[in-house]
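# Structure assessment
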There are 2 protein chains.
Amino acid sequence: MYSSLDDVARAAGVSSATVSRALRDLPSVKPETKRRIQKLAHEMGYVISPSASNLATGKTRTIGLLTPWVNRWFFANIIEGAEKGLRQHNYDALLYTFHETPFEPRQRLDPQVLRRRVDGVLVLGLQLDDEEVASLANLDVPIIFLGPGHSKYTTVGIDDFGAATLIMNHLVELGHTKIGHIAGPDMEQFTNSPSAGRYRGWRSAVQSLDLPVDDAWRRDQSFDQASGMRATHGLLDAHPDLTAIFAATDTLAIGVMRALSQRGLKVGTDIAVAGIDDEETAKYVGLTTVRQDPRAQGVRSAQLLLSAMAGEETPLTDLGEIELIERASSGRISVRFMD
Amino acid sequence: MYSSLDDVARAAGVSSATVSRALRDLPSVKPETKRRIQKLAHEMGYVISPSASNLATGKTRTIGLLTPWVNRWFFANIIEGAEKGLRQHNYDALLYTFHETPFEPRQRLDPQVLRRRVDGVLVLGLQLDDEEVASLANLDVPIIFLGPGHSKYTTVGIDDFGAATLIMNHLVELGHTKIGHIAGPDMEQFTNSPSAGRYRGWRSAVQSLDLPVDDAWRRDQSFDQASGMRATHGLLDAHPDLTAIFAATDTLAIGVMRALSQRGLKVGTDIAVAGIDDEETAKYVGLTTVRQDPRAQGVRSAQLLLSAMAGEETPLTDLGEIELIERASSGRISVRFMD
DNA sequence: CTGTTAGCGCATTCAC
DNA sequence: GTGAATGCGCTAACAG
């Protein structure tokens, strides 16, 4: 069906071993012969059989992308970035999704399906427990985490504590002292989660204000708008005197804004709101936030994985850039729609 | 490193051929032996080598997912659906992205990279020209299209003309007669594109109103908010008397709403706006739209591909459900935020 | 610099 | 029902 190395070898009047060497551009082939073979192979439309190559070398040139969702801003972008970063180096990306809902736990990771199939694994925004990490490690291929990390493996992400601090400093500077927090999920089980880092940033800022640390000003939620709305109503029912709400993500923050609107409160005037992410919608609704670039993080995690597979040392953490974006929701700016 | 068929065979006291048969559950193995081997293989942690299996059978149990982006609502959801649909049948999904921008054309499809790597191809939301389709067909594996289709291949999608008609009927029912249209890209080259179908729906409705067909009431754009904004300003500068704007997608429609807001026009009161998609944000901004379910379309396209790979006939088109969702932007409902 | 040989791990004849 | 032999297409080790 397809032409094989042998076909090319026959046509070139050399052995298949030489063709193999020539096509891999090994230095041990006479330059002229090499060029001749490469040209011929191209003309014949020869394409290597990845399976045969893998069988012979043990290398698949494929990496596994493990992720809970693809239909969310953060995840879609890191996946896109990672795929791009891998493709550039001629690696294939195998996609594995593990749907999480607040109601039913996601399916557990079964690393068996990755066996002999990938040269490395990128764990994108997935919270794995120790047991899962251990079984992943059994695959004996490099692993890079993105987002919720692991203390023993290279983790790409942002300084979540720092991001929260940026927001809190901004709100405090505007005169706010009673600042509620809508936290993300997984804070109890995973102290390394972004949610936990952002929560600590909020808590630390509250403490430094010499205010009593009031965890009653906090609600834990999953990452969706509806959760943000629910949490806001609960929070304001209990503490109507809050003047600002810092949500762990923009999506939650937008839920907050909707809830405030339902209660007849004017965002940015009656009460300040801020999030983290700077996703597209943030600009539209005028949300103050901390910008991060998940696409760049995806590319970066791919690069680190390739390094690790090349046997190089990789740093334990790699933090992407963040930047405070001030918009109308925190009350400094009064126009609703900006560009 | 891993245990092989031979290892299991040795431990079971049978030949590797028998193990191979037993693990594939072929009927030609004595039931008792079969169970014994399956149990043993499981205990030994045996995992098949996909490459070796592929080399022997020619089947990769992998399909290629070709898509322009993953970081957009429609694409993220079809990818998620397709991956899920494939995983359920133990197929792997290989992700290939082809970034498109209005400025630089995307890289052309080079099907060579898919050679010997996939048993089938899902073309998700990608506009391929005839040459690309021809080279894809050379791979000699089944192909299913999702979104912009191809007249010779099974295409999953929605009735774009019908969706536009739903919107137009709704607007006309509300009394509108001067309805502008913000169309999507690729209408010229590809008459099979969703953009083209929606445009025809708009045009046909305009005609049936016995209005002069006025293509001056139309602007062609790429699928992003900024385009929608730009187009709106252009449209209203030229035709300030329009009372409604129908945008080809929600994202464009949201751009329209932003532009109207900039011009001091009140959406739903001064001017009606409608889109197509019903993405998450549509609810938040109160956008009237036609709901479609890209996730279900992704699952469906995976099912059809699996059928095709099994040698079954597949219908030329498979249309997903659509439904008109009336919200404040078309002026019927006056509250801004609903649930 | 190049060819020969052997083997990666499986599925498939063809015997028995 | 089961086993032995062969080949899928490539790379690696060893000669030369």
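Read on for a plain summary of the structure. (Residues numbered from 1 in each chain as written. Chains lettered and ligands numbered in written order. Predicted model: local features only at pLDDT ≥ 70, side-chain atom pairs only at ≥ 80, totals over all residues. Heavy atoms only, no water.)

Attention now moves to the sheet that holds strand β5 (residues 155–157) of chain A. Ordered in space as β11(A)-β5(A)-β4(A)-β3(A)-β1(A)-β2(A)-β2(B)-β1(B)-β3(B)-β4(B)-β5(B)-β11(B), the twelve strands form an open sheet in which the pairing is mixed. This sheet does not close on itself; its edge strands, each paired only once, are β11 (317–319) of chain A together with β11 (317–319) of chain B. For this sheet, the mean angle separating the axes of adjacent strands, direction not counted, is 25 degrees. Alignment of strand β1 (residues 62–67) of chain A against strand β2 (residues 92–97) of chain A, held across six bridges, turns out to be parallel. From the neighbouring strand, L65(A) faces β2(A), where its bridge partner is L95(A). (Pairing = 2+ DSSP bridges. Helix = DSSP H or I, 4+ residues; strand = E, 2+ residues; numbered from the N terminus. Axes fitted to C-alpha atoms, helices over the stretch in contact; angles between N-to-C directions.)

So, about the pattern of salt bridges. Residue and element names in this part refer to chain A. Using the criterion set out here, one finds 32 salt bridges over all chains in the structure. Across the pair R295 and E80 runs a salt bridge, and its minimum N-O distance is 3.1 Å. Taken together, the residues span a long stretch of sequence, with R295 in helix α12 (residues 294–309) and E80 in helix α5 (residues 73–87) at a distance of 215 residues. Of the residues examined, R295 reaches a relative accessible area of 21% and is grouped as partly exposed. Residue E323 is joined to R291 by a salt bridge in which the shortest nitrogen-to-oxygen separation is 3.8 Å. Here the residue E323 occupies a position in strand β12 (residues 323–325), and R291 occupies one in strand β10 (residues 289–291), the gap between them amounting to 32 residues. (Salt bridge = Lys/Arg side-chain N within 4 Å of Asp/Glu carboxyl O. Buried < 20%, exposed > 50% of the residue type's maximum accessible area, 1.4 Å probe, protein only.)

On to the pairing of β1(A), then. Residues and elements named next belong to chain A. For β1, a buried count of six out of six residues is recorded, marking the element as mostly surrounded by other parts of the structure. Burial of β1 is two-sided: the residues T62, G64 and L66 facing one way and the residues I63, L65 and T67 facing the other way are all buried. Handedness of the β1-α5-β2 crossover: right-handed. The pairing of β1 with strand β3 (residues 120–124) spans four bridges and is classified as parallel. Bridging from a neighbouring strand, L66 pairs with V123 of β3. (Right-handed = clockwise from strand over helix to strand, strands pointing away.)

Quick reminder: α-helices carry 3.6 residues per turn. Residues three or four places apart thus point the same way. Residues and elements named next belong to chain A. Taking 1.5 Å of rise per residue, 13 residues should cover 18 Å, and helix α10 (residues 250–262) covers 18 Å from first to last C-alpha, within 8% of that figure. Across the 13 residues that make up α10, a large majority, ten, are buried. Listed as buried for α10 are D250, L252, A253, I254, G255, V256, M257, R258, A259 and L260. (Expected span 1.5 Å × (residues − 1).)

If you look at the interface, chain A gives 51 residues, while chain B gives 50 residues. Summed over both sides, the interface between chain A and chain B buries roughly 4,900 Å², with carbon and sulfur atoms accounting for 53% of that surface. The interface formed by chain A and chain B contains two salt bridges. A salt bridge links D92(B) to R117(A); the nearest nitrogen and oxygen atoms lie 2.5 Å apart. Listing elements by their share of the side of chain A that touches chain B, those giving two or more residues are α4 (50–57), α5, β2, α9 (225–238), α10 and α11 (280–285) of chain A. Where β2(A) and strand β2 (residues 92–97) of chain B come together, three bridges link them in antiparallel fashion. Its bridge partner being in β2(B), L95(A) is matched across the sheet by A93(B). (Contact = heavy atoms within 4.5 Å. Buried area = accessible area lost by both parts, 1.4 Å probe.)

Here we come to the protein's contact with DNA strand D. Neighbouring DNA strand D are 27 residues, the closest being L5(A), S20(A), Y46(A), T18(B) and R21(B). In DNA strand D, the atoms that sit within 4 Å of the protein are 70% sugar and phosphate, with bases accounting for the remainder. S20(A) is positioned with one of its side-chain polar atoms (N or O) 2.4 Å from a phosphate oxygen of DNA strand D. Contact distances for DNA strand D include 3.0 Å between a base nitrogen and a side-chain N or O atom of R21(A). Of all the elements, α4(A) adds the most residues to the surface near DNA strand D, at five residues. Per-class residue counts for the surface near DNA strand D are twelve nonpolar, ten polar and five charged. (Near = heavy atom within 4 Å. Polar contact = N/O pair within 3.5 Å; in protein donor to acceptor, adjacent residues only side chain to side chain. Nonpolar A, V, L, I, M, F, W, Y, C, P; charged D, E, K, R; others polar.)

This part is about the sheet that holds strand β6 (residues 179–183) of chain A. All names here are of chain A. In spatial order, the strands read β7-β6-β8-β9; together these four strands make up an open sheet with parallel pairing. The sheet is open, and its two borders are formed by β7 (218–220) and β9 (272–274), each paired with just one other strand. Sheet twist, expressed as the average angle between the axes of neighbouring strands with direction ignored, equals 15 degrees. Where α10 meets the sheet, its contacts fall on β6, β8 (244–247) and β9, and the angle it forms with β9 comes to roughly 160 degrees.

Let's shift gears to unusual backbone geometry. Phi angles above zero are rare outside glycine, and R116(A) is one such case at about 60 degrees. Relative to the helices and strands, R116(A) resides in the loop between β2 and β3. Its identity as a non-glycine residue notwithstanding, D278(B) has a phi of 60 degrees, on the positive side. Tracing the backbone through its elements, the reader meets D278(B) in the loop between β9 (272–274) and α11 (280–285). Looking at D278(B), the relative accessible area reads 13%, which means it is buried.

In this section: the environment of A76(A). By the secondary structure assignment, A76(A) is in helix α5. Given the relative accessible area of 3%, A76(A) is considered buried. When sequence neighbours within four positions are dropped, the list of residues in contact with A76(A) reads V70(A), V70(B) and N71(B).

Under the counting rule described, the total for this entry stands at one cavity of 30 Å³ or more. Estimated volume of the largest cavity: approximately 290 Å³. Lining the largest cavity are 18 residues, and of these S51(A), T62(A), S51(B), T62(B) and R117(B) sit closest to its centre. Secondary structure elements with two or more residues in the lining of the largest cavity: α4 and β2 of chain A together with α4 (50–57) and β2 of chain B. (1 Å grid on protein atoms, 1.4 Å probe; cavity = no way out; pocket = protein on both sides within 12 Å on 5 of 7 lines; lining within 4 Å. Points joined across faces, edges and corners; volume = space filled by probe spheres on them.)

The description of an aromatic ring pair uses the distance of the two centres, along with the angle that the planes make with each other. On inspection of all chains with the given rule, the structure shows eight aromatic pairs over all chains. Plain terms: the ring middles of W69(A) and F75(A) are 5.1 Å apart, the flat faces sit at 80 degrees to each other, and that makes the pair edge-to-face. The exposure class assigned to W69(A) is buried, which follows from its relative accessible area of 10%. Using a relative accessible area of 9% as the deciding quantity, one classes F75(A) as buried. Here F145(A) and Y153(A) contribute two aromatic rings whose centre-to-centre distance is 5.7 Å and whose plane-to-plane angle is 45 degrees, an arrangement assigned as tilted. Residue F145(A) is classed as buried on the basis of its relative accessible area of 2%. Following the ring pairs from residue to residue traces out a cluster consisting of W69(A), F74(A) and F75(A). R72(A) extends its terminal NZ or CZ atom over the ring of W69(A), reaching a point 3.8 Å from the ring centre. Between R218(B) and the ring centre of Y199(B), over which it is positioned, the NZ or CZ distance is 4.3 Å. (Phe/Tyr/Trp six-rings, centres within 6.5 Å; stacked < 30°, edge-to-face > 60°. Lys NZ or Arg CZ within 6 Å of the ring centre and 35° of its normal.)

Here the focus is the pairing of strand β6 (residues 179–183) of chain B. Residues and elements named next belong to chain B. When you tally the buried positions in β6, you get five out of five residues, the bulk of the element. Because side chains alternate across β6, one face comprises the buried residues I179, H181 and A183, and the other comprises G180 and I182, equally buried. As paired elements, β6 and strand β8 (residues 244–247) share four bridges and run parallel to each other. Directly across from G180, in β8, lies its bridge partner I245. Alignment of β6 against strand β7 (residues 218–220), held across three bridges, turns out to be parallel.

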